[in-house]
Amino acid sequence: MPLDHARTITQTEYDTLWDDAEESGEVVWEQVDIERRRSIPKQLGQGETREIKLQPGLEITIETSLYWRSLYLDYQFDQEDNLLSNFYLSGSNRMINPGIRFEDDREEAAGETCLCYLAGARSIEYRPAEQPLQRVTIAVDFEQLRAFGVEEESVFLPLRSLMQRKPTDLFHQSLSLTPAAVQPILRQLLDCPYHGATKRMYLEAKALELLALQFHQLTEGRRSSSMSPNLRPADVEQLQLARDILQKKFDQPPSLMALARQVGLNDYKLKQGFRHLFGTTVFGYVQTCRMDQAQQLLGDLGLSISSIAGRVGYVSASRFCQAFKRHTGMTPSQYRRQFSR
């Protein structure tokens, strides 16, 4: 998703604005019934975060936000050792978690849901300006899940390993729950009419209902087309068209939603089909195209690294250098020295 880089807020500025707002007393956590609420600093945007602790080991976070300027954040994920369940109701952002298992580079958009385990992961987040985003996150610890006997289910291996207290990689797993299945529950959760203990009981029931839908898909639906897409010849042609578009426009790629509309697929089939057919995510493919082109351009010693960064889609040379090193294990300068010997 393209950002207005001239107006982009980086992690340092973002942290400073939050620190200043907290020090001045502009933003504070307020207790409202059973939940805590905190607004976004006015210099950043508008919206709030709501945190609702249910029974021990089960918590709901509701984020509603709109930022005046684009965000480029690079931070360490400090969530406790929990399984996270995310539901996007509006907006979109791009997330990169270098080195995690599955979907390390993805666009998260309205209508999507996922399960992930990201304790301590590095997160690079791109969020466009003036776009409303609403997301519901359910955090559940593994003791809670074990109490339901989840480790005995035939869920996919990384989650089963966590349930059985075995070492496992960090992961992000998108799911294909239909809006008709989850939207009514999410609306009931957001519009809860109760207070106090009754509200806590009601929201706990809704959180568990949403988790049950996700686990049902992981246990009963792993052999369905949602997990291994049953691609028709027409789907394959549309996915190949999507790949061709990305090859030509890797310096300024369309958003996932725009690409899906352009090739005539829904965004979920585009994501799952692309991974199934080409063995990588849409954004992972874009990154590979950028790095392949960058390696070719670095062979031309007359081109500056800044100009190469711009040619492959980076406004910032430093971000290009970071991405190149993640991809190749060398900085652009180190890579270039091979051609000057």
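Residues numbered from 1 in each chain as written. Predicted model: local features only at pLDDT ≥ 70, side-chain atom pairs only at ≥ 80, totals over all residues. Heavy atoms only, no water.

(A) Structural context of the overall build of the protein chain. Helix and strand content of the protein chain: 12 helices and 13 strands. Based on the C-alpha atoms only, the size of the protein chain along its principal axes is roughly 70 × 55 × 40 Å. Out of the 341 residues in the protein chain, the part that is buried amounts to 49%. In the protein chain, the proportion of contacts linking residues at least 24 apart, taken out of those at least 6 apart, comes to 68%. When the accessible surface of the protein chain is summed, it comes to about 16400 Å², and 48% of that surface belongs to carbon and sulfur atoms. (Helix = DSSP H or I, 4+ residues; strand = E, 2+ residues; numbered from the N terminus. Buried < 20%, exposed > 50% of the residue type's maximum accessible area, 1.4 Å probe, protein only. Contact = heavy atoms within 4.5 Å. Areas by Shrake-Rupley, 256 points an atom, 1.4 Å probe, with all protein chains shown as cover.)

(B) Broad picture of the sheet that holds strand β6 (residues 71–76). Across the sheet, which stays open at both edges, the five strands sit in the order β1-β6-β11-β8-β9 with mixed pairing between neighbours. Because the sheet does not close on itself, it has two edges, and the strands there are β1 (9–10) and β9 (105–109). Strands β1, β6 and β11 (122–127) of the sheet are contacted by helix α11 (residues 317–328), whose axis makes an angle of about 135° with β11. (Pairing = 2+ DSSP bridges. Axes fitted to C-alpha atoms, helices over the stretch in contact; angles between N-to-C directions.)

(C) Geometry of the packing of aromatic side chains. Across all of its chains, the model carries 10 aromatic pairs by this definition. Site record: aromatic cluster; members linked through ring pairs are Y314, F320, F324 and Y335. Taking NZ or CZ as reference, R36 lies 4.0 Å from the ring centre of W29, over its face. The ring of Y126 carries R94 above its face, with NZ or CZ at 5.2 Å from the centroid. (Phe/Tyr/Trp six-rings, centres within 6.5 Å; stacked < 30°, edge-to-face > 60°. Lys NZ or Arg CZ within 6 Å of the ring centre and 35° of its normal.)

(D) View of the packing of helix α6 (residues 233–248) against helix α9 (residues 282–298). At a closest axis distance of 9 Å, the pairing of α6 and α9 adopts a crossing angle of 40°. By the angle between their axes, α6 is oblique relative to α9. Like other packed secondary-structure pairs, α6 and α9 cross with a definite hand, here right-handed. In contact with R243, L246 and Q247 of α6, α9 contributes V282, Y285, V286 and C289. (Parallel < 35°, antiparallel > 145°, perpendicular 65-115°, else oblique. Left-handed = near helix turned anticlockwise from the far one by under 90°.)

(E) Expanded view of the pairing of strand β3 (residues 35–39). In terms of strand pairing, strand β2 (residues 30–32) meets β3 through three bridges, oriented antiparallel. By the bridge assignment for β3, V32 is matched with E35. Hairpin connection, β2 to β3: the antiparallel pair is bridged by two residues, and D33 has positive phi, about 60°. Both β3 and strand β4 (residues 45–53) contribute to a ladder of five bridges, which runs antiparallel. By the bridge assignment for β4, R36 is matched with E51. Here β3 folds back onto β4 in antiparallel fashion, the turn holding five residues.

(F) Main features of the sheet that holds strand β13 (residues 171–175). With respect to topology, eight strands assemble into an open sheet ordered β2-β3-β4-β5-β12-β7-β10-β13, the strand pairing being antiparallel. A strand with exactly one partner marks an edge of an open sheet, and here the two such strands are β2 and β13. For this sheet the average axis-to-axis angle between neighbouring strands, irrespective of direction, equals 20°. Of the pairings in the sheet, the one linking strand β7 (residues 82–90) to strand β12 (residues 133–141) comprises eight bridges and is antiparallel in character.

(G) Representation of the nonpolar core. Counting 34 residues, the largest nonpolar core has I60, L83 and V136 as the members making the most contacts within it. Ranked by the residues each element gives to this core, the list is headed by helix α5 (residues 196–220), at six residues. (Core = buried A, V, L, I, M, F, W, Y, C linked by side-chain atoms within 4.5 Å.)

(H) Just the side chain of E112, in detail. In this structure, E112 sits in the loop between β9 and β10 (113–117). Residue E112 is classed as buried on the basis of its relative accessible area of 11%. Reaching out from E112, the side chain makes a polar contact with the side chain of K271 at a distance of 2.8 Å. In contact with E112, not counting residues within four places along its chain, are N86, F87, Y88, E107, L256, D267 and K271. (Polar contact = N/O pair within 3.5 Å; in protein donor to acceptor, adjacent residues only side chain to side chain.)

(I) Spotlight on the confidence of the model for the protein chain. Overall, the prediction assigns the protein chain a mean pLDDT of 85, with 91% of residues at 70 or greater. In this model, residues 1–5 is a region of pLDDT below 50 whose contacts with residues beyond four sequence positions or in other chains number 17 contacts. Within the model, the stretch residues 223–227 combines pLDDT values under 50 with 10 contacts to residues more than four positions away or in other chains. (pLDDT = per-residue confidence, 0-100.)

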